[in-house]
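# Analysis of the macromolecular model
Residue-level listing of the chains:
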There are 2 protein chains.
Amino acid sequence: MPATIRDVAHASGVHISTVSRTFSAPHLVNAETRSRVLAQAESLGYRPNRAARALITGRTHNLGLIVADIANPFFPPMIKAAEGQARLRDHHIFVADTNEDALVEEDLVRAMAKQVDGVLLCSPRMNNSLIEQLSREVPLVVVNRLVAGLPCVVMDVAQGARDAIAHLVGLGHRELALLGGPRGSWTSREIRKTATATARTADVALTVISPNPPTEDGGLAAAEQVVRAGASAVLAYNDLMAIGLIEGLDALGVAVPTGISVVGIDDIALSRRTRPKLTTVANPTSAAGRAAVDMLLQHGDDRRTTAQVMLRTELMIRDSTGPGPFAAQG
Amino acid sequence: MPATIRDVAHASGVHISTVSRTFSAPHLVNAETRSRVLAQAESLGYRPNRAARALITGRTHNLGLIVADIANPFFPPMIKAAEGQARLRDHHIFVADTNEDALVEEDLVRAMAKQVDGVLLCSPRMNNSLIEQLSREVPLVVVNRLVAGLPCVVMDVAQGARDAIAHLVGLGHRELALLGGPRGSWTSREIRKTATATARTADVALTVISPNPPTEDGGLAAAEQVVRAGASAVLAYNDLMAIGLIEGLDALGVAVPTGISVVGIDDIALSRRTRPKLTTVANPTSAAGRAAVDMLLQHGDDRRTTAQVMLRTELMIRDSTGPGPFAAQG
DNA sequence: GTGAAAGCGCTAACAG
DNA sequence: CTGTTAGCGCTTTCAC
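Residues numbered from 1 in each chain as written. Chains lettered and ligands numbered in written order. Predicted model: local features only at pLDDT ≥ 70, side-chain atom pairs only at ≥ 80, totals over all residues. Heavy atoms only, no water.

### Quick look at the protein's contact with DNA strand C
- Taken together, the neighbourhood of DNA strand C is formed by 27 residues, with Ile5(A), Ser20(A), Arg53(A), Arg21(B) and Thr33(B) sitting nearest.
- For DNA strand C, the backbone makes up 61% of the atoms found within 4 Å of the protein, where backbone means sugar plus phosphate.
- Ala52(A) is positioned such that a nitrogen or oxygen atom in its backbone is 3.2 Å from a base nitrogen of DNA strand C.
- Secondary structure elements with two or more residues in the surface near DNA strand C: helix H1 (5-12), helix H2 (16-24) and helix H4 (50-57) of chain A together with helix H2 (16-24) and helix H4 (50-57) of chain B. (Near = heavy atom within 4 Å. Polar contact = N/O pair within 3.5 Å; in protein donor to acceptor, adjacent residues only side chain to side chain. Helix = DSSP H or I, 4+ residues; strand = E, 2+ residues; numbered from the N terminus.)

Okay, structure coming up:
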């Protein structure tokens, strides 16, 4: 039913290879012929079949994008940005959701491998050696994780954690808690490492509660442990958990920020709408999505550079943090 | 580099057609031969190239999913559900974002047409005749719009609007306002039609403010008009607008629900987290995503039935609605 | 039950 | 500048 290259060739009285050239190397074809072919193609509604083209060129003009959870509000802006950037570069994007499952991740990469030019692996849960192995089967750009030798895009969460803790310590908090994220998360490990070191340097206590599901329920469920730990301020792995935690604390009769201060990470849209508005470390997710696509696409042209990009984060001070027990007197 | 069917054929000492059968019609091949082939395929890491297969079978095992705005929290749960359902049925999904632009929509459908078995057109902004035309080029399932003769999945927004207005009238409101959605939205027209009729029946005034961008800013920008209209209660096209409106009203010194009551539509996750919690009409978006995928996939097997599915909505009464000027005295 | 051959829609040398 | 030829990886008749 849909027009093929042959239909266009017949209609315009040329060989199919001329039609092919008209689309893939227009400069190699006589201007007059070209416009004739183009006109026929137009009127027949012809569009080159990319899958057929890919069979021979090896380039599908498709990209894969694998995330842990599409419905986690952290991802949609990144997906949107990646999709937009890909389309700008004339590529389409397969989006898949792993439900936070490392096994699904692996399978998905392999399943996509044949029909994409590369995949964006976002916040992977699998281990590094498997990622390295997969990167030999299909070009990979890893987002939210640093893997030696592979192109990566990460947020500077270490700086974010330092800023957050400095903020809390400056407010007079000396008993902190850290709500870790899911097992397998590079970001969670990174935050924990930095937070631990920063707390030690600042000579404040830090109770680590980890791992937790990176969801509101995860934060909610941790509220009791936070209270039991005697912390006056908490840094959460992400905003969702921070929001859940605030709700959990509320249920326990602990107000935020008067009772306990809470800092999130991500700056999802939601964090500006809750009451209290969430103090959080903003992550440039859209920029990350665009950068990852660009790296994947240039990766093909020029394999020498396996760049690793670290994007700046920014502490957004809002209403979920306040003076701690050791605050300077006003 | 990746193993092809030929590699497997050589390795297992059979003709490629036997390997092909092993994967696409296993019952036609000797059990012994089959297991030998499978073993070699496994050890070579062979996976059939779906694009090549599609060239001949005409089935790509890919689906397209087109939405107005990935970052609009209404869509991610639907995308997630659709992707999950598709994978269950061994299909992959291309996701694309039109930025609420009807022209982009059309182009996207055509661009995907050749490499998918069908596309889910979600909340389309283009007109019906174009949709019908496109449905002749590629199987389409329309979500959030009823188009005669095409398979569609919609939410019963009419019932939702009736419920919302009944709720408000019951609360003693007699001056209502409706915040419409974007131009081209079937849902928005449907809500408006029903709301107008329902208001007339109930003998209450209804000021329609439309169209508006379906975003928080859209709601925020409309706050002044709402106040000027003298309405004591508002039904908004979606939760995002409702939330923006509440913020805008707040800025104008009007409290919700004491000054004005607000009802949203969708029941996005966010609506349970705002203060006040939003009264809203819940839309079963995940169910819609799954249903749409199922319809698209069975559409291929059985073209006789072009089902139209209408999913039930449910009014969630929370804290953004309260007694109006004509409330019965307590 | 398996092999041989043709061909899906397209591109990429190679002639001319 | 354009036509010829071969073939990408796979499925599908059709013989055997």
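### Side note on the domain arrangement of chain A
Residue and element names in this part refer to chain A.
- Annotation of chain A at the domain level lists domain 1 (5-57), domain 2 (62-155 + 284-311) and domain 3 (157-283).
- The distance between the C-alpha centroids of domain 2 and domain 3 comes to 27 Å.
- Domain 2 puts 13 residues into the contact, and the matching count from domain 3 is 16 residues.
- Approximately 1100 Å² of surface area, both sides summed, lies buried where domain 2 meets domain 3, with 58% of it carried by carbon and sulfur atoms.
- When the area that domain 2 buries against domain 3 is broken down by residue, the three leading residues are Pro73, Arg125 and Met155, summing to 39%. (Domains from an automatic or database assignment. Contact = heavy atoms within 4.5 Å. Buried area = accessible area lost by both parts, 1.4 Å probe.)

### So, the sheet that holds strand E9 (residues 261-266) of chain A
Residue and element names in this part refer to chain A.
- Spatially, six strands are ordered E7-E6-E8-E9-E10-E12 in an open sheet, and the strand pairing comes out mixed. Strand pairing shows two members of the sheet lacking a second neighbour, strand E7 (205-209) and strand E12 (314-316), which therefore form its edges. Each strand axis lies, on average, 20° off the axis of its neighbour in the sheet, ignoring direction.
- Where strand E8 (residues 233-236) meets E9, three bridges bridge the pair, whose relative direction is parallel. Within the sheet, the bridge partner assigned to Val234 lies in E9 and is Val262.
- Contacts from helix H11 (residues 239-251) reach strand E6 (175-179), E8, E9 and strand E10 (279-282), with the element oriented near 155° to E9. (Pairing = 2+ DSSP bridges. Axes fitted to C-alpha atoms, helices over the stretch in contact; angles between N-to-C directions.)

### Points about the protein's contact with DNA strand D
- If you check the shell around DNA strand D, you find 27 residues, and the closest are His15(A), Arg21(A), Thr33(A), Ile5(B) and Arg53(B).
- In DNA strand D, the atoms that sit within 4 Å of the protein are 59% sugar and phosphate, with bases accounting for the remainder.
- Here a base oxygen of DNA strand D sits 2.3 Å away from a polar atom, N or O, in the side chain of Arg21(A).
- Elements represented by at least two residues in the surface near DNA strand D include exactly H2 and H4 of chain A together with helix H1 (5-12), H2 and H4 of chain B.
- Looking at the surface near DNA strand D residue by residue, the class counts come to twelve nonpolar, ten polar and five charged. (Nonpolar A, V, L, I, M, F, W, Y, C, P; charged D, E, K, R; others polar.)

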